[in-house]
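Here is what each chain is made of, one letter per residue.
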Amino acid sequence: MSVGKWGLNRGVLSILPGVFFAFCASSMAGPVRVALWPDGAPLARGTDPEKDVPAITIYRPERGNGTAVVVCPGGGYGHLAMGHEGKDIAEWYNTMGVTAVVLEYRMGKGGYRHPVPLMDAQRAIRTVRFRAEELMLDPERIGIMGFSAGGHLASTAGTHFDPGNPEADDPIDRMGSRPDFMILCYPVIAFDEPYTHTGSQHNLIGEDAPAELIEHLSNEKQVTGDTPPTFLFHTDEDTAVPSENSVMFYLALRRAGVPAELHVYQKGGHGVGLGKDIPGTSAWPEAGKKWLDGMGLLKGDGNNE
């Protein structure tokens, strides 16, 4: 079963969660897309699968190492760059034995503002953690990655998390939502600053958001010692989301004593994805791989069968 064969790139797989994950754990399965809430997402405004039904697509490597990453494509909280910041990234992770989970979160274009995108990201983390045994993953090696506005969402998940609700009726909601690590790629971080990407800010919280909410979602101000270890990369030529966003987050991590690594490459504008054929910037995937390896996240028996 594959995305192409069954047309799942447009629809949402609607089978029982247990059946889905038992199937997804098969070494024969290709990428499979499934709704995060099979019975309907909270705060949904409709049933349009492209706007109202948050979903994940799981890409599993032939030989996994137990690590998984929830991937949040960018798009200014108005659309999703599902190609070069979704599928391409998932396939890159698979070459390292990492399971990639590409998230389609709700956003401003569909009428969704904070906290809905964060709810979707947290649900994705909880879902993967809950199904870790079936997917042959380590529940303590579930990270999150984001590009541009998706980087803001990922950094929000890494600074606004909870241990889960042990009394929840839904067992997935009993799982903690803290990612174990973060990879942030030219992320939107700060709000109401000269280097803010105002489109992302307005799509997420509106143009007249209260100061308290602006500060709450300026994630460089929300870093604590519990924020997960983080890898960041940016380009100096990025004028859409200037590199100050990554720099300020990195400095906040340093002050909090959180392990972090930052790369600012000279060449390349915004939205470069894997940075192919961009002098200097094309090195970031290898740097990211070395960081993952140094964190012990690529170690495993190499066999998820």
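The model shown is predicted, which means the values in this text are computed figures rather than measured ones.

## A word on the overall build of the protein chain
Point 1. Secondary structure summary: the protein chain contains nine helices and eight strands in total.
Point 2. Considering the protein chain as a whole, with its 305 residues, one finds that 55% of them fall into the buried category.
Point 3. Restricting the contact set of the protein chain to residue pairs at least 6 apart, pairs at least 24 apart contribute 75%.
Point 4. Per element, the accessible surface of the protein chain, about 12800 Å² overall, is 50% carbon and sulfur.

## Observations regarding the sheet that holds strand S6 (residues 182–185)
Point 1. Read from one edge of the open sheet, eight strands run S1-S2-S4-S3-S5-S6-S7-S8, paired in mixed fashion. Strand pairing shows two members of the sheet lacking a second neighbour, strand S1 (32–35) and strand S8 (260–265), which therefore form its edges. The mean angle between the axes of side-by-side strands here comes to 15 degrees, regardless of whether they run parallel or antiparallel.
Point 2. Together, strand S2 (55–59), strand S3 (68–72), strand S4 (99–104) and strand S5 (142–147) form the strand contacts of helix H4 (residues 116–130), whose direction differs from that of S5 by roughly 150 degrees.
Point 3. Packing of helix H9 (residues 284–294) onto the sheet brings it into contact with S5, S6, strand S7 (230–235) and S8, and relative to S7 it is tilted by some 170 degrees.

## Details of the confidence of the model for the protein chain
Point 1. Averaged over the protein chain, the pLDDT score is 91; the fraction of residues at 70 or greater is 89%.
Point 2. Of the regions scoring below 50 in pLDDT, residues 1–19 engages in 35 contacts with residues more than four places distant in sequence or in other chains.

## What about the side chain of Glu85?
Point 1. Counting through the fold element by element, Glu85 comes out in helix H3 (residues 83–95).
Point 2. Among the polar contacts listed, one links the side chain of Glu85 to the side chain of His84, at a separation of 3.4 Å.
Point 3. In this structure, Glu85 is in contact with Val71, Pro73, Gly74, Phe147, Tyr186 and Gly271, ignoring residues within four places of it in sequence.

## Let's talk about the nonpolar core
Point 1. In this structure, Ile56, Val70, Leu103, Tyr105, Ile144, Leu153 and Phe249 are the most contacted members of the largest nonpolar core, which totals 46 residues.
Point 2. In terms of residues, this core owes the most to one element, H4, which gives five residues.
Point 3. Of all hydrophobic cores here, the second largest spans 29 residues; its members include Val71, Tyr93, Cys185 and Ala287.

## Observations regarding H9
Each α-helix turn comprises 3.6 residues. Residues three or four places apart therefore point the same way.
Point 1. Of all the residues in H9, the buried ones are Trp284, Pro285, Ala287, Gly288, Trp291 and Leu292. For H9, the angular spread of buried residues about the axis comes to 160 degrees, placing them on one side. Seen from the buried face of H9, the exposed residues on the opposite side, beyond 90 degrees, are Lys290 and Gly294.
Point 2. Structurally, H9 contributes buried residues whose contacts are with H3, S5, S6, S7 and S8.
Point 3. Downstream of H9 by one or two residues, Gly296 has phi in the positive range, about 80 degrees.

## Regarding the pairing of S7
Point 1. With six of six residues buried, S7 lies mostly within the body of the structure.
Point 2. Side-chain alternation along S7 places Thr230, Leu232 and His234 on one buried face and Phe231, Phe233 and Thr235 on a second face that is also buried.
Point 3. In this structure, S6 lies alongside S7, joined through four bridges in parallel fashion. For Leu184, the partnering residue across the bridge sits in S7 and is Leu232.
Point 4. Here six bridges tie S7 to S8, and the two strands are oriented parallel to one another. Residue pairing for S8: Thr235 is matched across the bridge by Tyr265.
Point 5. Handedness of the crossover joining S7 and S8 through helix H8 (residues 244–256): right-handed.

## Here's the deal with the environment of Thr281
Point 1. Inspection of the secondary structure puts Thr281 in the loop between S8 and H9.
Point 2. Residues Thr281 and Tyr265, spaced 16 residues apart in sequence, show a C-alpha to C-alpha distance of 5.5 Å.
Point 3. In this structure, Thr281 is in contact with Phe233, Thr235, Tyr265, Lys267, Val272 and Gly275, ignoring residues within four places of it in sequence.

## A few points about the environment of Arg174
Point 1. In this structure, Arg174 sits in the loop between helix H5 (149–157) and S6.
Point 2. The class of Arg174 is partly exposed, set by a relative accessible area of 38%.
Point 3. Here the alpha-carbon distance between Arg174 and Gly164, two residues 10 residues apart in the chain, equals 4.5 Å.
Point 4. In contact with Arg174, not counting residues within four places along its chain, are Pro163, Gly164, Asn165, Pro166, Ala168 and Asp169.

## Focus: unusual backbone geometry
The phi torsion of most residues other than glycine is negative, and most of the peptide bonds are trans.
Point 1. The omega torsion across His114 and Pro115 is 15 degrees, close enough to zero to call that bond cis.
Point 2. Of note in this structure, Met136 is not a glycine but carries a positive phi near 60 degrees.
Point 3. Within the secondary structure, Met136 sits in the loop between H4 and S5.
Point 4. Assessed through its relative accessible area of 39%, Met136 is described here as partly exposed.
Point 5. With a phi angle near 35 degrees, Tyr186 is a residue other than glycine that sits in the positive phi range.
Point 6. Tracing the backbone through its elements, the reader meets Tyr186 in the loop between S6 and helix H6 (198–205).
Point 7. Exposure remark for Tyr186: the relative accessible area of 1% places this residue in the buried category.

About the thresholds
- Residues numbered from 1 in each chain as written.
- Predicted model: local features only at pLDDT ≥ 70, side-chain atom pairs only at ≥ 80, totals over all residues.
- Heavy atoms only, no water.
- Helix = DSSP H or I, 4+ residues; strand = E, 2+ residues; numbered from the N terminus.
- Buried < 20%, exposed > 50% of the residue type's maximum accessible area, 1.4 Å probe, protein only.
- Contact = heavy atoms within 4.5 Å.
- Areas by Shrake-Rupley, 256 points an atom, 1.4 Å probe, with all protein chains shown as cover.
- Pairing = 2+ DSSP bridges.
- Axes fitted to C-alpha atoms, helices over the stretch in contact; angles between N-to-C directions.
- pLDDT = per-residue confidence, 0-100.
- Polar contact = N/O pair within 3.5 Å; in protein donor to acceptor, adjacent residues only side chain to side chain.
- Core = buried A, V, L, I, M, F, W, Y, C linked by side-chain atoms within 4.5 Å.
- Arc of directions from axis to C-beta.
- Right-handed = clockwise from strand over helix to strand, strands pointing away.

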